[in-house]
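Now for the letters of each chain:
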Amino acid sequence: MLTIAIQNKGRLNEDTVSLMSDAGISASASHRKLISDAKGFPLHVLYLRDDDIPQAVAMGVADIGVVGLNEVLEKEEDVDVVMKLGFGGCRLSLAVPKEVQYTGIRWFEGKRVATSYPVILRNFFADHGIHAFVHEIAGSVEVAPAVGMADAIFDIVSSGGTLVQNGLREEDTVINSEAVLIANPHLDEEKRAALAKLMFRFTSTIESRGMKYVLMNLPKDKVAEAAAILPGMKSPTIMPLADSQWVSMHVVIHENELWEKIEKLKETGATDILVLALENVIK
Ligand code: ATP
Ligand code: ZN
């Protein structure tokens with residue numbers, strides 16, 4: 001049976017548990033447990049700190065894991081990134097005090113930079129031929145310049161609000177991160193087959209997110225006009241109604257463009273429009 005390592009508490013825990021749940025796999029969300037059995041898929045669930053997940057997967061303590069790409073790159077463990085999961089988005093950026101006249105990446109030559117991601121930062125500076133002092137600190141990286149511990153920082157940014165509050169300005173994004181599924185590179189054939197099934201479920205779940213199933217009644221002679229409003233779709237499903245002048249049209253629309261499309265469909269004569277949540281798109 002596969003063992004998956006997930007974050008026990010913190011920013012990725014809830015989204016990981018709900019991805020699994022939407023894929024029909026129920027895991028206990030309790031961070032008090034170390035390990036439990038999931039329902040709905042043969043899977044052991046191991047709850048760990050995110051920092052320990054890449055190593056647990058590389059050692060084979062867990063076969064697979066869900067963790068931020070930032071941790072994968074920082075830990076440099078022998079794991080395969082097999083799938084992006086579409087949540088936990090953030091970026092790792094270099095930021096400088098706002099009064100600094102920043103002249104581009106060369107500005108960092110000889111400077112002291114505080115970070116909790118020393119490996120990624122050293123690799124970045126090495127790639128750019130910059131010699132800087134990388135100071136590893138565990139937390140509150142953003143206060144380091146104000147207290148004189150560093151000239152600049154390299155840290156996780158999501159909205160940028162924390163940087164501004166600390167008088168800093170984001171200059172260069174080094175990596176964009178999101179939660180990813182990682183796997184031990186040496187899984188046996190049985191575990192590979194189980195992983196493929198799990199990835200199929202996750203892919204179907206992720207692809208269905210934000211999709212709506214829309215049904216409407218439409219005058220028969222307006223079908224071509226209505227179909228033209230929905231580019232990129234395979235031809236919509238058309239069903240006859242008792243009144244031979246009318247049909248029922250069924251389409252899948254992403255919620256981002258739902259109202260815009262519905263307004264246009266109404267203009268072509270669509271009525272009795274039903275919008276239903278879509279649970280899964282299985283290709
Ligand atoms: P742990 O106790 O498991 O070590 P942590 O404090 O290191 O937790 P969290 O703050 O829970 O980690 O963040 C987990 C991951 O969430 C990060 O490694 C990153 O991939 C992602 N993430 C997304 N947005 C943010 C953000 N604004 N700040 C920090 N991490 C973020
Ligand atoms: Zn952590």
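Right above here is the structure, for reference.
This write-up is about the structure you can find in this document. (Residues numbered from 1 in each chain as written. Chains lettered and ligands numbered in written order. Predicted model: local features only at pLDDT ≥ 70, side-chain atom pairs only at ≥ 80, totals over all residues. Heavy atoms only, no water.)

1. A closer look at the overall build of the protein
A tally of helices and strands in the protein yields 8 helices and 15 strands. For the protein, whose C-alpha radius of gyration is 25 Å, the value lies well above the compact-globule estimate of 19 Å for 283 residues. Along the first, second and third principal axes, the C-alpha atoms of the protein reach 80 × 50 × 35 Å. The burial tally for the protein puts 43% of its 283 residues in the buried class. Here the analysis covers contacts within the protein between residues at least 6 apart in sequence; of these, 68% occur between residues at least 24 apart. For the protein, the accessible surface area stands at approximately 15100 Å², while carbon and sulfur atoms represent 52% of it. The positive charge centre, built from 28 side chains, and the negative charge centre, built from 39, are 2 Å apart in the protein. (Helix = DSSP H or I, 4+ residues; strand = E, 2+ residues; numbered from the N terminus. Rg over C-alpha atoms; globule rule 2.2 N^0.38 Å. Buried < 20%, exposed > 50% of the residue type's maximum accessible area, 1.4 Å probe, protein only. Contact = heavy atoms within 4.5 Å. Areas by Shrake-Rupley, 256 points an atom, 1.4 Å probe, with all protein chains shown as cover. Lys, Arg positive; Asp, Glu negative; His and termini not counted. Charge placed at Lys NZ, Arg CZ, Asp CG, Glu CD.)

2. A look at helix α8 (residues 258–267)
Of the positions making up α8, those classed as buried are Leu258, Lys261, Ile262 and Leu265. Each buried residue of α8 sits inside an arc of 100 degrees when the element is viewed along its axis, so together they form one side. Relative to its buried face, α8 has exposed residues pointing more than 90 degrees away, namely Trp259 and Glu267. Buried residues belonging to α8 abut β12 (211–219), α7 (223–228), β14 (246–254) and β15 (271–277). Positioned one or two residues after α8, Gly269 has a phi angle of 115 degrees, which is positive. (Arc of directions from axis to C-beta.)

3. A look at the coordination of the zinc ion (ligand 2)
The protein atoms that coordinate the zinc ion (ligand 2) are Asp50 (OD) and Asp51 (OD), at distances spanning 1.9 to 2.1 Å. Classification of the site at the zinc ion (ligand 2) as irregular follows from its 4 donor atoms and the range of 75 to 175 degrees in their angles at the metal. Judged by relative accessible area, which is 25%, Asp51 ranks as partly exposed. (Donors = N, O, S within 2.8 Å, 3.2 Å for Na, K, Ca; no water. Tetrahedral: all angles 85-135°; square planar, octahedral: opposite > 155°, others 65-115°.)

4. Remarks on the packing of helix α1 (residues 13–22) against helix α6 (residues 189–208)
Remark: α1 packs on α6, axes separated minimally by 9 Å, with the N-to-C direction vectors making an angle of 100 degrees. Classified by the angle their axes make, α1 and α6 are roughly perpendicular. From α1, Leu19, Met20 and Asp22 reach across to α6, where they touch Phe202, Thr205 and Ile206. When grouped by side-chain class, the residues that make up the contact of α1 with α6 number 4 nonpolar, 1 polar and 1 charged. (Axes fitted to C-alpha atoms, helices over the stretch in contact; angles between N-to-C directions. Parallel < 35°, antiparallel > 145°, perpendicular 65-115°, else oblique. Nonpolar A, V, L, I, M, F, W, Y, C, P; charged D, E, K, R; others polar.)

5. Comments concerning the site of ligand 1
Close contacts around ligand 1 come from 15 residues, with Arg11, Asp50, Asp51, Asn70 and Ser158 the closest. Asp50 is positioned such that a nitrogen or oxygen atom in its side chain is 2.8 Å from an oxygen atom of ligand 1. Contact between ligand 1 and Ser158: a nitrogen atom at 2.7 Å from a side-chain N or O atom of the residue. A total of 630 Å² of accessible area belongs to ligand 1 in isolation, and the protein chains cover 77% of it. (Near = heavy atom within 4 Å. Polar contact = N/O pair within 3.5 Å; in protein donor to acceptor, adjacent residues only side chain to side chain.)

6. Description of unusual backbone geometry
Negative phi characterises most residues that are not glycine, and trans characterises most peptide bonds. Even without being glycine, Glu76 reaches a positive phi, approximately 50 degrees. Secondary-structure assignment places Glu76 in the loop between α3 (69–75) and β5 (80–84). Residue class for Glu76 comes out exposed when judged on its relative accessible area of 54%. With a phi close to 50 degrees, Asp272 is a non-glycine residue in the positive phi region. As for its placement among the helices and strands, Asp272 is situated in strand β15. Among the residues examined, Asp272 registers a relative accessible area of 58% and is labelled exposed.

7. Quick notes on the pattern of salt bridges
The tally for this structure, following the rule as stated, stands at 10 salt bridges. Between Glu71 and Lys75 there is a salt bridge, with its nearest N and O atoms 2.9 Å apart. Taken together, the positions of Glu71 and Lys75, both in helix α3 and 4 residues apart, correspond to about one turn of that helix. Look at Glu71 and you get buried, because its relative accessible area is 6%. Taking relative accessible area as the criterion, Lys75 reaches 30% and is therefore assigned partly exposed. (Salt bridge = Lys/Arg side-chain N within 4 Å of Asp/Glu carboxyl O.)

8. Notes on the sheet that holds strand β9 (residues 152–157)
Read across the open sheet, the 5 strands follow the order β8-β7-β9-β6-β10; overall the sheet is mixed. Only two strands of the sheet have a single neighbouring strand rather than two, namely β8 (133–136) and β10 (168–177). Each neighbouring strand pair of the sheet contributes to a mean axis angle of 25 degrees, computed without reference to strand direction. The sheet contact formed by strand β6 (residues 90–97) and β9 spans 5 bridges and is antiparallel. (Pairing = 2+ DSSP bridges.)

9. Regarding the environment of Ile120
Inspection of the secondary structure puts Ile120 in helix α4 (residues 118–127). Of the residues examined, Ile120 reaches a relative accessible area of 6% and is grouped as buried. Beyond its immediate sequence surroundings of up to four residues, Ile120 is in contact with Asn70, Leu73, Glu74, Leu92, Phe154, Val174 and Ile175.

All we've got here are geometric facts, nothing functional implied.
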